[in-house]
Every structure is written in structure tokens, then in C-alpha cells.
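One letter stands for each residue in the lines below.
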Amino acid sequence: SVLPTPDISSNPAAPAGASRSHPAIELPTVLLLLIAYGGWLLVTSRYAYWPVWIVAPLTAVLITLHSSLQHEIVHGHPTRWKPLNRLLAIVPLELWIPYQRYRDLHHKHHYDARLTDPIDDPESYYWTPEDWARLSPLMRIALRIEQTFAGRLLVGSWLRIGMYLRWDLRNAWRGEPGIRTTWAEHLLWCIPVVLWVKIACGMPLWLYFVAMVIPANAIQLIRSFAEHRARPGVRERIAIVESSWILGPLFLFNNLHSLHHESPGIPWYDLPARHRRDGEEQCQA
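Each chain carries its own residue numbering, running from 1 in the direction its sequence is written. Confidence filtering applies because this is a predicted model: local features only for residues at pLDDT of at least 70, side-chain atom pairs given and counted only at 80 or more, and all residues used for totals across whole chains, interfaces and linings. Calculated side-chain values reflect all of the structure's heavy atoms, with hydrogen atoms and water omitted.

Some points on the environment of Trp 196
Argument step 1. Among the structural elements, Trp 196 can be located in helix 9 (residues 179-200).
Argument step 2. Along the primary structure Trp 196 and Thr 44 are separated by 152 residues, whereas in three dimensions their C-alpha atoms are 8.7 Å apart.
Argument step 3. Whether two residues are in contact is decided by their heavy atoms, any of which lying within 4.5 Å being enough. Those residues within four positions of Trp 196 in sequence are excluded, and the remaining contacts are Trp 40, Leu 41, Thr 44, Ser 45 and Cys 201. Think of it this way: any DSSP run of H or I at least four residues long counts as a helix, any run of E at least two long counts as a strand, and we number them from the N terminus.

Have a look at this one:
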């Protein structure tokens, strides 16, 4: 059946700032950035010496961590200086999406009144009946497979990356403002990543993409599988996944997603304590 268009209200967008004051430099996040970049350099440099079945999953996990940190930086962390934050996030370990495009699209996603709306939410997995009818039969089958957990893991990365590249490159071809500049900058930042992988590590680029980038994106799609659902009320569309001892830290506790949408300025390391405190207050009330 055609995926439904949710009933959307006109509530204001979610606040982008922190709910309380934080230090000028959030040291846990800076430390994690050093671990992500340093770990990626170390593990990929071992390609010629370690089995690929060790290098590939470790690199995929580090790319996932880097993507989680990019999400954190999109929301104003880890410093008060936006140019510095952008510099910390812009190195494209995943290669396929420019940081600036991810930032702009994710900010649109945080307009909570339009959550899950297939027209206005760029991270929606829903389709309008009109758009669904225009899809090819093969594409409809692929999208239905993607709605299962196994499909999200096995097919989702290829499907979502392909759909995004087709959509954004078409936007660039049509001359939409800023996209060509963003992609030009992104391709320049890709050069050191490609040179490191190909020249310094001696790793085929296809292997890096297929065995590391694709699995990293699949791990991230685990979170999005339960993250949002079409419901009448805005708050009902956002999930909380409490039992996530392994993936929760890797996602920087973005599995506590309702709290993140409520206060996206809270740093990742404060989210669990804030969630417990909110739960205790609700029980006392």
C-alpha cells in the first residue's frame, strides 16, 4: 500500500540553542573527535598489515562515530565558534555527502511541526500518493524491502545514498543556489581522504566504499528505523529507545531522540542524566 501522508500541525520549529549554559569548549566531544580521526588514520593505515575482516568493521565503526559527531556539531557543539566547529566536522570520511548539505537538510528536519512530512521533512521515509505513483515498480519493491529491519541494513545504504546523489546532483544541474559551491568545496575536501586511502594506505577506493562506508551508513540506519513514525501529535512522532548499551554510545545517545528534538543544544554526554531526571520528575508528578 502507499505510505500515508501524515497529518501535520503548524507548531513552531524546535529550538536550536542549548537549554542551559555550557563551557566554551566541550572537552568530551573534542576528545571523541581526536579518537575518531586518530582511530580512522590508524586503522586504515594498517590495511597492508591486518586482515581486511579486522580493518573493515573497525573503520566502519569509526566512520559511524564520525557521523554521530557531525550530527553533534550541526547543533552547535563542541565550541561557541561556528567556523571552528565547521572545520572540525567538514572532513568527509563518508565521501558521499557534503557536510554543509547535511547541515542544511538536518536543520529543516528539526522543524518539528513538519516531522515525517514527505514534502517538507528531508529525512522522512514516507511518500505522497502522487510521488509513489510516479515510481517504477522496481523502486517500489526496493522501498518496501527497506521498510523491514533486514532490508534497512542490506538495501538501505545503497538505496538512500543513490537517491540522495541523484536528487542533489539534479538540483546542482538545475542551478539551485549554493549547491554547486557546496559540492565544489566538498570535492576539494575529498582529495586528502582519497589520497590517504588510495596512496598512503594502498587501499582500493571501491573496497573502502563497499566494505566500510556502506556498512557505516547501514549502522546509522538502525537508529532511523525506529526514530520517527507518522502520528497525529508532533510529540508522538519521535521515539525514545532506552535499552541501547552498545549502539547508544556510538550514536552519542541520539537514541534518546525525543529529548534531542526537545533540546538539541544539550551535549551528548548530558543526555542520559537528563533523561533519567525527566523520568524521575514525571514519576513524582
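There's plenty left to go through after this.
Description of the side chain of Arg 237
Argument step 1. Mapped onto the elements of the fold, Arg 237 is located in the loop between helix 10 (205-225) and helix 11 (247-250).
Argument step 2. One polar contact links the side chain of Arg 237 to the main-chain carbonyl oxygen of Pro 232, over a distance of 3.2 Å. Counted as a polar contact is a pair of N or O atoms within 3.5 Å, where, for protein atoms, one must be capable of donating a hydrogen and the other of accepting one, and residues adjacent in sequence contribute only when both atoms are in side chains.

Regarding unusual backbone geometry
For residues that are not glycine, phi is negative in most cases, and the peptide bond is trans in most cases.
Argument step 1. Residue Pro 78 follows His 77 across a cis peptide bond; omega there is 0 degrees.
Argument step 2. Topologically, Pro 78 is positioned in the loop between helix 2 (52-74) and helix 3 (82-89).
Argument step 3. At Leu 252, a position not held by glycine, the phi torsion is positive, near 55 degrees.
Argument step 4. Mapped onto the elements of the fold, Leu 252 is located in the loop between helix 11 and helix 12 (257-262).
Argument step 5. When accessible area is computed with a 1.4 Å probe and restricted to protein chains, residues below 20% of their type maximum are described as buried, those above 50% as exposed, and intermediate ones as partly exposed. Of the residues examined, Leu 252 reaches a relative accessible area of 3% and is grouped as buried.
Argument step 6. Phi angles above zero are rare outside glycine, and Phe 253 is one such case at about 60 degrees.
Argument step 7. Among the structural elements, Phe 253 can be located in the loop between helix 11 and helix 12.

Quick word on a nonpolar patch on the surface
Argument step 1. A patch consists of residues whose relative accessible area exceeds 30% and which take part in no salt bridge; residues with like charges are grouped when within 9 Å of each other, and nonpolar side chains (Val, Leu, Ile, Met, Phe, Trp, Tyr) when within 5 Å. To be clear on the numbers: accessible area is Shrake-Rupley with a 1.4 Å probe, and residue cover counts the displayed protein chains and nothing else. By convention in these notes, a salt bridge is any Lys or Arg side-chain nitrogen within 4 Å of a carboxyl oxygen on Asp or Glu. Nonpolar side chains collect at one region of the surface, where Ile 25, Leu 27, Trp 81, Leu 84 and Leu 87 lie side by side and expose about 510 Å² of accessible area between them.
Argument step 2. Inspection of the secondary structure assignment puts Leu 87 in helix 3.

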